[in-house]
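# Working through the structure, step by step
Given next are the chains, with one letter for each unit.
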Amino acid sequence: MPNIRPISDLRNNANAISQFCHESKEPVYITKNGIGDLVVMSVDTYEKQLALIDLYAKLAESEEDIANGDKGEDLHAIAKRLRAQVHGRI
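Heads up: these notes are all about the structure in this document. The structure displayed is predicted, hence computed values, not measured ones.

This brings us to the pattern of salt bridges. Scanning all chains against the criterion turns up three salt bridges. Residue aspartate 44 pairs with lysine 48 through a salt bridge whose shortest N-O separation is 3.4 Å. Of this pair, aspartate 44 and lysine 48 both sit in helix α3 (residues 43-67), four residues apart, which is roughly one turn of that helix. With a relative accessible area of 34%, aspartate 44 lands in the partly exposed category. Given a relative accessible area of 48%, lysine 48 falls into the partly exposed group. Ionic pairing is found between glutamate 73 and arginine 81, a salt bridge with its closest N-O pair at 3.1 Å.

Reading the values: the criteria
Residues numbered from 1 in each chain as written. Predicted model: local features only at pLDDT ≥ 70, side-chain atom pairs only at ≥ 80, totals over all residues. Heavy atoms only, no water. Salt bridge = Lys/Arg side-chain N within 4 Å of Asp/Glu carboxyl O. Helix = DSSP H or I, 4+ residues; strand = E, 2+ residues; numbered from the N terminus. Buried < 20%, exposed > 50% of the residue type's maximum accessible area, 1.4 Å probe, protein only.

Now the structure itself:
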């Protein structure tokens, strides 16, 4: 269930809201005059959301490439190339 608070809580209880966001890894929805206005979340949660959006965009692009007939690369060839790179650095 989303955590919804009035904007006055943001001003009066900023530390508690910050603590909640960090501990729960969930956003807090801030209302202004009973209408949604802001979403507050930890930087860590925000960065994870951005990474997921980027991943979904890359997956959609890859699925489009496959739908257009792109064969891609062989998994075994990629794994072999990555192993050679890793072993070359150790």
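What follows picks up the thread again.
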